[in-house]
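Below, each chain spelled out in residue letters.
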Amino acid sequence: MKNLNKIIIGLFALLLVLSSCEDGIDPITAVDPGADAGAPVIKVTSPTEGLSLKVNEVFASVDISFEATDDIELETVTVSLNNVQLATFSSFIDYRRFIVDDLSYDKLADGDHVLKVVATDINGKTTTETVNFKKEPAYIVKYAGEVFYMGFDGDYTDLVALEKATVVGSPMLNDDNLNGSNSYEGALDSYLTFPADRFKTNEFSVIFWMKVNDAANKNGVKRAGVITLRSPMVDGKHDLKKGFTFFREDAGGNQRFKLNIGSGEKNHWFDGNTAADVAPNSGEWVNFAFTVSGSEATVYIDGQVVKTGTHDGIDWTDCNLLSIMSGAPNFTQWNHWSDQSLLDELRIFNRPISQQEIQQIMADDSGEFVSSYTPTYAGEMFYMPFDGNYNELFREMEATAVGSPGLAGESVAGANAYKGAADSYLTFPPDERGAITTSEFSATMWHKVNATPDRAGILTMRSPMTDGGTKNDLTKGFSFFRENANGMQRFKLNVGMGTAGQWVDGGEDADVDPTVNEWVHLAFTIGTDKATVYINGEVAKEQSLASPVDWTGVDILSIMSGAPNFTQWNHWSDQSILDELRLYGKALSQAEVQATMGI
């Protein structure tokens, strides 16, 4: 009896609970879905339209995510890749909304691909959504002879050989970059290494970008190794007769970059100079390159020659390790430890690359303009043939004409030449589409002199005149001009060295007779320690320089006038004829000057 009572009480309590659970809740009622107003809607979230999967592997994996919805009811959803069906769905928990976020395909080969999602509703209405994307290698070799490339975009891998660097210490990746997503950021006692064998070719080149940081190394010295491939040190001393090192050192607060090459019996130095020193901590990306042929090596900064010279070949005996951003472990005798700068876009070639190629790579990396003109002579960086216009072929742009210059209707080598006129000349900004304010500088040209007026400017790159525009500033840039010398014309050069100007005047033996009306070849070269004027390929005057040319404040190149920056002594417009004007980023030798004459 007691048990029966308990059962009755329990049933009564359960009824109370069920009754209370339904309090406040509306009963389920059918809702009319309405008319089928439209076809399904599809939204694909992965892959995205135009996606490029860059993976240096034979196959890549792609994640597929999408959402399909319908106003009434979905019946089927199919997914295909390149017209091959990957999946079909026909059972839906929510018959109006279907989400896929866990479908993937792991056999994606190189090439273009099309993902297609098709949704059909119960009334047969169909929607198709397609996404075009592609898979390609992370890096495709871009330049002839390129054997190594590190973009530092997420890791420390050479994308040519797909070889990962050995990481020493704790370098970092920095969001600040020239190209891509990251750059290398140095740290104390930190650098990267690669086995050396594949880099030991008789000829090679290296090019890269840096934001130079002169933070002191672990011994408190503001110097560092940048790229090193040496044999091991012995008793704490370098073996400079093997391999090479490219490194930097403090130079009066700036950083001077240097290359040393070991040729077996001796070593060779290729050092920068004051004019090529780099200001550290500027926040600017600077391009560095060096090239090594079987007998010559050249160092470039921002595409311009800093130093070039000969060597006796390179000896790779026992060179076992390529170090990046340090002299360690094989070049630390003089405290060239880790470089704490930023590094990006590092490339190595198994051949010497030309100056034009260096400038092309720089332009490719930075998205800047590069000319289609191929230089005729080594170091050439500016060329005006005056064949019907005032175009400069490296920059593929026309000079600004002041006044009313003309064309002569005759030429040394082409269809025409420049004909001067009163108060008339041409100008270029010195850094438009590539700087011409280089540490070494040369100019060659053909000139048919008109001695009226009896003095004139020919080429002028000066800072603005001082004292209200009445006095020349001879301490900056240069002026190449002519003056009357007892009825003859004497050609003169003045080079500004920062604190003074050095005169390089022709002499009586080199004066030109203006009555002869013949073409005369003129040239001048400005090295780091001397300047030379040539007339018809022969030295008219050579003069030592106390320091290299100073380009501070130089804002314009004037052609066939001293105006606007060199007119204190009435060196105004030259009304002579000018042809085949070329500028060079190096100090030409006499043989090179004569080569431009066709000798």
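K.L.:
So what exactly am I meant to see when it comes to the overall build of the protein here?
P.N.:
Within the protein, the secondary structure is distributed over three helices and 42 strands. The C-alpha radius of gyration of the protein comes to 36 Å, more than 25% above the 25 Å expected for a compact globule of 599 residues. Taken along the three principal axes of its C-alpha coordinates, the protein extends 145 × 70 × 50 Å. Per-residue burial for the protein yields a buried fraction of 49% across its 599 residues. Relative to all contacts within the protein whose residues are 6 or more apart in sequence, the contacts with residues 24 or more apart total 67%. Within the structure as shown, the protein displays about 26700 Å² of accessible surface, and the carbon and sulfur contribution to it stands at 49%. Side chains of the protein give 45 positive and 83 negative charges; the mean places of these two sets differ by 6 Å.

K.L.:
I would appreciate a short explanation of the sheet that holds strand S5 (residues 84-89) in the present structure.
P.N.:
Hydrogen bonds along the backbone pair up the strands of a sheet, which may run parallel or antiparallel. Across the sheet, five strands lie side by side as S2-S8-S7-S4-S5; this open sheet has mixed pairing. Whereas interior strands pair on both sides, the edge strands pair on one side only; in this sheet they are strand S2 (52-54) and S5. The sheet shows a mean angle of 20° between the axes of neighbouring strands, direction not considered. Where strand S4 (residues 74-81) lies against strand S7 (residues 111-121), seven bridges are found, and the strand directions are antiparallel. Within S7, the residue paired with Leu81 across the bridge is Leu115.

K.L.:
Help me understand unusual backbone geometry, please; the structure alone is not making it clear to me.
P.N.:
Leaving glycine aside, a negative phi is the common case for residues, and trans is the common case for peptide bonds. Going from Thr452 to Pro453, the amide bond is cis rather than trans, its omega being 0°. Inspection of the secondary structure assignment puts Pro453 in the loop between strand S33 (441-448) and strand S34 (456-461). A cis amide bond, omega 0°, links Ala563 with the succeeding residue Pro564. Mapping Pro564 onto the fold places it in the loop between strand S41 (557-559) and strand S42 (577-584). A positive phi angle is found at Phe386, which is not glycine, with a value near 60°. You can see Phe386 is positioned in the loop between strand S26 (380-384) and strand S27 (391-392).

K.L.:
Which parts of the structure should I look at to understand the pairing of strand S15 (residues 191-195)?
P.N.:
Sheet faces and side chains relate simply in a regular strand, where the side chains alternate between the two faces. Along S15, four of the five residues are buried, which leaves the element largely enclosed by surrounding structure. As paired elements, strand S12 (residues 166-168) and S15 share three bridges and run antiparallel to each other. The residue bridging Val167 from the neighbouring strand is Leu192, located in S15. Note that S15 and strand S24 (residues 321-324) share four bridges and pair antiparallel. Opposite Leu192, over in S24, you have Ile324 as the bridge partner.

K.L.:
What am I meant to see in the environment of Thr332 here?
P.N.:
Within the element layout of this structure, Thr332 appears in the loop between S24 and strand S25 (342-349). Classification of Thr332 by relative accessible area gives buried; the value is 12%. Sequence separation between Thr332 and Ser263 is 69 residues, and the spatial gap between their C-alpha atoms is 20 Å. Apart from the residues within four sequence positions on either side, Thr332 is in contact with Met233, His238, Gly327 and Trp337.

K.L.:
Could you clarify how one ought to interpret the pattern of salt bridges in this entry?
P.N.:
Oppositely charged side chains may form a pair once their charged atoms are brought near each other. Evaluation of the coordinates by the stated rule reveals 32 salt bridges. A salt bridge links Arg256 to Asp277, with the nearest nitrogen and oxygen atoms 2.8 Å apart. Separated by 21 residues along the polypeptide, Arg256 in strand S19 (residues 254-262) and Asp277 in the loop between strand S20 (267-271) and strand S21 (286-292) bring together distant segments of the chain. Measuring nitrogen to oxygen at the nearest pair gives 3.7 Å for the salt bridge that ties Lys530 to Glu542. Of the two residues, Lys530 sits in strand S39 (residues 530-535) while Glu542 sits in strand S40 (residues 538-544), which places them twelve residues apart along the sequence. The exposure class of Lys530 is partly exposed, given its relative accessible area of 41%.

K.L.:
How should I be thinking about the side chain of Asn182 in this particular structure?
P.N.:
With respect to the helices, strands and loops of the structure, Asn182 is situated in the loop between strand S13 (172-174) and strand S14 (183-185). Residue classification places Asn182 among the buried positions, given a relative accessible area of 10%. Within the structure, the side chain of Asn182 is placed 3.2 Å from the backbone nitrogen of Gly154, a separation counted as a polar contact. Reaching out from Asn182, the side chain makes a polar contact with the side chain of Asp175 at a distance of 3.4 Å. When near neighbours in sequence (up to four residues on either side) are disregarded, Asn182 contacts Gly151, Phe152, Asp153, Gly154, Leu173, Asn174, Asp175, Asp176, Asn177 and Asp344.

K.L.:
Just to check I follow, could you spell out the environment of Glu398 for this structure?
P.N.:
By secondary structure assignment, the location of Glu398 is in strand S28 (residues 397-398). You can call Glu398 partly exposed: its relative accessible area is 46%. Taking C-alpha positions, Glu398 is 9.6 Å from Met384, a pair spaced 14 residues apart along the chain.

K.L.:
Any chance you could explain empty space enclosed by the protein here in plain terms?
P.N.:
Rolled over the atoms, a probe with the dimensions of a water molecule shows which regions are left empty. Applying the stated criterion to the full structure yields one cavity of 30 Å³ or more. Here the largest cavity is characterised by a volume of approximately 40 Å³. Considering the residues around the largest cavity, the lining is formed by Phe199, Phe204, Val206, Leu229, Phe244, Trp316, Leu322 and Ile348.

K.L.:
Sorry, what's going on with the packing of aromatic side chains here?
P.N.:
Each aromatic ring pair is characterised by the separation of its centres together with the angle its planes make. All told, the structure shown has 39 aromatic pairs when counted by the stated rule. Here Phe480 and Phe524 contribute two aromatic rings whose centre-to-centre distance is 4.8 Å and whose plane-to-plane angle is 35°, an arrangement assigned as tilted. Of this pair, Phe480 sits in strand S35 (residues 478-485) while Phe524 sits in strand S38 (residues 520-526); the two residues are 44 residues apart in sequence, bridging distant segments of the chain. Residue Phe524 is classed as buried on the basis of its relative accessible area, which comes to 0%. The interplanar angle of 35° and the centroid separation of 6.0 Å between the aromatic rings of Trp503 and Trp569 together place this pair among those described as tilted. Highlighted residues: Trp503 in strand S37 (residues 501-505) and Trp569 in the loop between S41 and S42, separated in sequence by 66 residues. Judged by its relative accessible area of 32%, Trp503 is partly exposed. Note on Trp569: relative accessible area 31%, which makes it partly exposed. Among the aromatic residues, those joined into a ring-pair cluster are Phe204, Phe208, Phe244, Phe246, Phe257, Phe288, Phe290 and Trp316.

Analysis parameters
Residues numbered from 1 in each chain as written. Predicted model: local features only at pLDDT ≥ 70, side-chain atom pairs only at ≥ 80, totals over all residues. Heavy atoms only, no water. Helix = DSSP H or I, 4+ residues; strand = E, 2+ residues; numbered from the N terminus. Rg over C-alpha atoms; globule rule 2.2 N^0.38 Å. Buried < 20%, exposed > 50% of the residue type's maximum accessible area, 1.4 Å probe, protein only. Contact = heavy atoms within 4.5 Å. Areas by Shrake-Rupley, 256 points an atom, 1.4 Å probe, with all protein chains shown as cover. Lys, Arg positive; Asp, Glu negative; His and termini not counted. Charge placed at Lys NZ, Arg CZ, Asp CG, Glu CD. Pairing = 2+ DSSP bridges. Axes fitted to C-alpha atoms, helices over the stretch in contact; angles between N-to-C directions. Salt bridge = Lys/Arg side-chain N within 4 Å of Asp/Glu carboxyl O. Polar contact = N/O pair within 3.5 Å; in protein donor to acceptor, adjacent residues only side chain to side chain. 1 Å grid on protein atoms, 1.4 Å probe; cavity = no way out; pocket = protein on both sides within 12 Å on 5 of 7 lines; lining within 4 Å. Points joined across faces, edges and corners; volume = space filled by probe spheres on them. Phe/Tyr/Trp six-rings, centres within 6.5 Å; stacked < 30°, edge-to-face > 60°.

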